[in-house]
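Each chain, written out:
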Amino acid sequence: MSRPAVILDRDGTLIHDAGYLDRLDRLEFFPYTVDAVRLLNRANLAVIVATNQSGVARGLVEEAFVGEAHRHIAGRLAAGGARVDGWYYCPHHPDATRPEYRQACDCRKPQAGMLRRAARELDLDLPRSFVVGDRWHDLEAGAAVGARGILVRTGSGRATESTPSAAVIPAACVDDLIEAVSWILQHS
Ligand SMILES: [Mg+2]
Ligand SMILES: [Zn+2]
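Keep in mind that this is a model prediction, so the values were computed, not measured.

### Considerations on helix 1 (residues 33-42)
Every buried residue of helix 1 is listed here: Thr-33, Val-34, Ala-36, Val-37, Leu-40 and Asn-41. Angular distribution of buried residues about the axis of helix 1 spans 165°; they occupy a single face of the element. Considering only its buried residues, helix 1 is in contact with strand 1 (5-8), strand 2 (46-52), helix 3 (63-79) and helix 7 (177-187). One or two residues past the end of helix 1 sits Asn-44, with phi positive at roughly 60°.

The following block contains the structure:
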């Protein structure tokens, strides 16, 4: 039976937004990052990370580093008994300086390609799922597949909240990921 998921944005939601993260020493967890993921694991919700990484398309971040960063995050989560079930990123951009990444893809949020791919690969029930992010494009990708969206005020979240989207209404606006998790645990 397919199970619901919590689809997390990475930068500004799961970890601090470092601009274009290109070195592990610039990768910073929030104090609650590990606890938040572990609580979702215990609730038997699949935890997915879906992140736009246009720094790859712009030549600012190596694609291999994206995988390295995700392995690093996974290792720190595992040390705290927490687990991400699927990692997805979009390296593309329509104006990419690296031609091999220049395309109008279906995975760059607000497109829902990463969410659909995760659902196929991990048997997720998207209409019973949640998306957590600090930008409207995170929640718009979720709305495209019927998932409820929660806006966090970390990262760009405060600026996002002050400029409402014409395309999506959040199910909740909360201060940070740990508050989003408690909202989800009450509403799933
Ligand atoms: Mg973000
Ligand atoms: Zn893409």
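### A look at the coordination of the zinc ion (ligand 2)
Listed as protein donors to the zinc ion (ligand 2) are Cys-90 (SG), His-92 (ND1), Cys-105 (SG) and Cys-107 (SG); their distances from the metal cover 2.1 to 2.3 Å. In this structure, the zinc ion (ligand 2) is coordinated by four donor atoms arranged in tetrahedral fashion, with angles at the metal of 104 to 118°. Here the donor residues of the zinc ion (ligand 2) share one chain and are spaced in sequence as C-x1-H-x12-C-x1-C. On the criterion of sequence distance, the pair formed by Cys-90 in strand 3 (residues 86-90) and Cys-105 in the loop between strand 3 and helix 4 (113-122) is long-range, its members being 15 residues apart. Residue classification places Cys-90 among the buried residues on the basis of a relative accessible area of 0%.

### A closer look at the packing of aromatic side chains
This model, assessed by the stated rule, comprises two aromatic pairs. Between the aromatic rings of Phe-30 and Tyr-32, the centroid separation amounts to 5.1 Å while the plane-to-plane angle is 5°, which identifies the pairing as stacked. Residue Phe-30 shares its accessibility class with Tyr-32, and that shared class is buried. Measuring from centroid to centroid gives 6.2 Å for Phe-130 and Trp-183, while their planes differ by 85°, and the two rings are edge-to-face. One end of the pair, Phe-130, is in strand 4 (residues 130-133); the other, Trp-183, is in helix 7, and 53 residues separate them in sequence. Judged by relative accessible area, which is 0%, Phe-130 ranks as buried. Since its relative accessible area comes to 17%, Trp-183 is described here as buried. The residue whose ring lies beneath Arg-76 is Phe-29, and the NZ or CZ to ring-centre distance is 3.9 Å.

### Side note on the sheet that holds strand 3
Judged by pairing direction, the sheet is parallel, and its six strands sit side by side in the order 3-2-1-4-5-6 without closing on themselves. Whereas interior strands pair on both sides, the edge strands pair on one side only; in this sheet they are strand 3 and strand 6 (172-174). Pairs of neighbouring strands in the sheet enclose a mean axial angle of 20°, with direction left out of account. The pairing of strand 1 with strand 2 spans four bridges and is classified as parallel. Bridge pairing in strand 2 links Leu-8 to Val-49. The sheet contacts of helix 3 involve strand 2 and strand 3, and relative to strand 3 the element is tilted by about 150°. Seen against the sheet, helix 5 (residues 136-144) touches strand 2, strand 4 and strand 5 (148-152) and runs at an angle of roughly 170° to strand 4.

Cut-offs applied
Residues numbered from 1 in each chain as written. Chains lettered and ligands numbered in written order. Predicted model: local features only at pLDDT ≥ 70, side-chain atom pairs only at ≥ 80, totals over all residues. Heavy atoms only, no water. Buried < 20%, exposed > 50% of the residue type's maximum accessible area, 1.4 Å probe, protein only. Helix = DSSP H or I, 4+ residues; strand = E, 2+ residues; numbered from the N terminus. Arc of directions from axis to C-beta. Contact = heavy atoms within 4.5 Å. Donors = N, O, S within 2.8 Å, 3.2 Å for Na, K, Ca; no water. Tetrahedral: all angles 85-135°; square planar, octahedral: opposite > 155°, others 65-115°. Phe/Tyr/Trp six-rings, centres within 6.5 Å; stacked < 30°, edge-to-face > 60°. Lys NZ or Arg CZ within 6 Å of the ring centre and 35° of its normal. Pairing = 2+ DSSP bridges. Axes fitted to C-alpha atoms, helices over the stretch in contact; angles between N-to-C directions.

In short, geometric facts, not functional conclusions.
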